[in-house]
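The chain contents come next:
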Amino acid sequence: MNAAEVVNTLLVQRFGVSPADITDETPLRSLRLDSLALEELRVLIEERLDIDLDEVSLTPRNTVGQLVTAVDGNVPA
Amino acid sequence: MTARQEPFSAAVTGLGLVTAAGVGAKATWHSVTQETVPSGVSHQEELADLPCDFMYTIADLDTTELLGVATQRLMDRFSQLAVIAAREAVADAGLDPESWDSGRVAVVIGSAHGGLPFYDQQHVAMAGRGARRVSPKLAPLTVVNSAASSVCMDLGAQGPSLGVATACSSGTVAVGTAHQLLRAGVCDIAIAGGAESVLSRLLIASACQMKAVSTRRDDPATACRPFDVGRDGFVVGEGAGLLVLERPEHANARRAPVRAHVRGYGASSDAYAAVAPDPEGNGIERALRSALADAQVQGRDVGHVNAHGTSTIVNDRVEATVLRRVLGDHPLVTSTKGMTGHALGAAGGIETALTVLALEQQLVPPTANLHVPDPRIPIDIVRTEARQAAFDCAVKTSLGFGGHNAALVLTR
């Protein structure tokens, strides 16, 4: 599974986001992800991909695309 | 000195029950009055090999379907059960959260252990995978007040709210606290009761070490047998029981059907031991006498008692002795825990709701699994089948680890 698939799957399965609402440009806050939800999502992505996102700064203003890019940057090639 | 006030009758206008005896007040009442063999108790994989490896759980409840993932993710199971029961209670009361005066709606929910299962899971995550794999939502999900805040959020209730933690009397103390908030005029409506869900290997392992729970592993369905000569400990159950209480003039103004009244409340502390009740029952006696005085009723007025009746050797003997001493031998006493299990902090909420139904239906549920009454128990315990009777006043008693005692007086 690539980063986009992992992020999308977690948003749907763990945060109840409708798949139709997810685009690269969608700000995370408009998917009702607040700062607590983002920290939870961070742990879930780390667990799923066995990576470390400790240095990645995440805010609800970031878009789904920005999150995927940040995750991609931490996935070993 | 006693600061005596006029009695205050809070109107009970709604009930919500989610128990191992049934989902919904109607289903639970049907099981506890019409059946005497519990269907909700079974062996649990989580508890495998423990001296007590069974528990009362709620079957056929799809919490994700009812709540949705986005709502459910912010609650451990005890809070989920509270929200489901609160929705039922508010709908039963005919209240509309879109139009009520939300700042005048209080929420008071008791729980003994809160989100212990999530605590457990996260401890396992930290021990196995390190601190960086621990969820950031440990505090909001596990605190005992999480059921109350979840209900507030779900219903948009914006009055005073709190969790109540007095171990196994939490639900009863929550209803009593709501009675006091209504009497003080700080709210018009209070949603009150208890919620608990602790399918936790850690907790049950410890309860086994304490020798507090039944070890009748070969026949879980008969393990919880309150007041029976062969009782050997309680059996934990999960569930939630909530009542909608209103200031009487508030219920009258909207012409709400009143199902019963909460008229008196008394609480006390044994100041005796961490677990064992005062062997003379002085603590529960003080709570019961205070509740009767608060309601301005006499022992002879009480026709029915929904007892704490946990199925431990000491509780049932001490409690029964006190009921006899304070009320006499005439009230029809029951313990409904044979059907629901001991839902710990939820027990008082569930059983107060069942007491409301008993008053309304003039019907006392039988004590399931009571076949040979303990000869040392000097009271009239309803068993085998439900008993029809005429009574205008009923009592709910609860005792909690730590010596927290509570009693409520309810009237028609």
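Scoring rules and cut-offs
- Residues numbered from 1 in each chain as written.
- Chains lettered and ligands numbered in written order.
- Predicted model: local features only at pLDDT ≥ 70, side-chain atom pairs only at ≥ 80, totals over all residues.
- Heavy atoms only, no water.
- Helix = DSSP H or I, 4+ residues; strand = E, 2+ residues; numbered from the N terminus.
- Buried < 20%, exposed > 50% of the residue type's maximum accessible area, 1.4 Å probe, protein only.
- Areas by Shrake-Rupley, 256 points an atom, 1.4 Å probe, with all protein chains shown as cover.
- pLDDT = per-residue confidence, 0-100.
- Polar contact = N/O pair within 3.5 Å; in protein donor to acceptor, adjacent residues only side chain to side chain.
- Contact = heavy atoms within 4.5 Å.
- Salt bridge = Lys/Arg side-chain N within 4 Å of Asp/Glu carboxyl O.

An unreviewed UniProt entry annotates chain A as Acyl-carrier-protein of Streptomyces lydicamycinicus.

A.B. asks: Honestly, the overall build of chain B in this entry has me stumped. Any pointers?
C.D. replies: Secondary structure summary: chain B contains 14 helices and 16 strands in total. Principal axes of the C-alpha set define a box for chain B whose edges measure 60 × 55 × 40 Å. Across the 412 residues that make up chain B, the buried fraction comes to 61%. Total accessible area on chain B stands at roughly 15200 Å², and carbon and sulfur atoms take up 51% of it.

A.B. asks: In this structure, what is going on with the confidence of the model for chain A? I would like to understand it.
C.D. replies: Detailed conclusions should not be drawn from predicted coordinates in areas where pLDDT is low. In the predicted model, chain A carries a mean pLDDT of 93, and the fraction of residues at 70 or more is 99%. Per-residue pLDDT, averaged within each element of chain A, yields its smallest value for helix α3 (residues 64-74) of chain A (93) and its largest for helix α1 (residues 3-15) of chain A (96).

A.B. asks: Could you clarify how one ought to interpret the confidence of the model for chain B in this entry?
C.D. replies: Residues of chain B with pLDDT of at least 70 account for 99%, and the chain-wide mean is 97. On the interface metric, ipTM, the complex scores 0.92, and its pTM is 0.97.

A.B. asks: Looking at this structure, how should I read the side chain of Asp228 of chain B?
C.D. replies: Residue and element names in this part refer to chain B. The topology assignment puts Asp228 in the loop between α9 (201-209) and β8 (239-246). For Asp228, a relative accessible area of 2% gives the class buried. From its side chain, Asp228 meets the backbone nitrogen of Gly230 in a polar contact 2.8 Å long. Residues contacting Asp228, with those up to four places away along its chain left out, are Asn369, Leu370, His371, Val372 and Asp374.

A.B. asks: Looking at this model, I keep getting lost on the pattern of salt bridges. Mind explaining?
C.D. replies: Opposite charge on two side chains permits them to pair, given that their charged atoms come into close proximity. The tally for this structure, following the rule as stated, stands at 29 salt bridges over all chains. Arg133 of chain B is the partner of Asp50 of chain A in a salt bridge, and the nearest nitrogen-oxygen pair spans 3.9 Å. Within this pair, whereas Asp50 of chain A is found in the loop between α2 (35-49) and α3, its partner Arg133 of chain B is found in the loop between α5 (116-129) and α6 (138-142), the two belonging to separate chains. Judged by relative accessible area, which is 65%, Asp50 of chain A ranks as exposed. Look at Arg133 of chain B and you get buried, because its relative accessible area is 15%.

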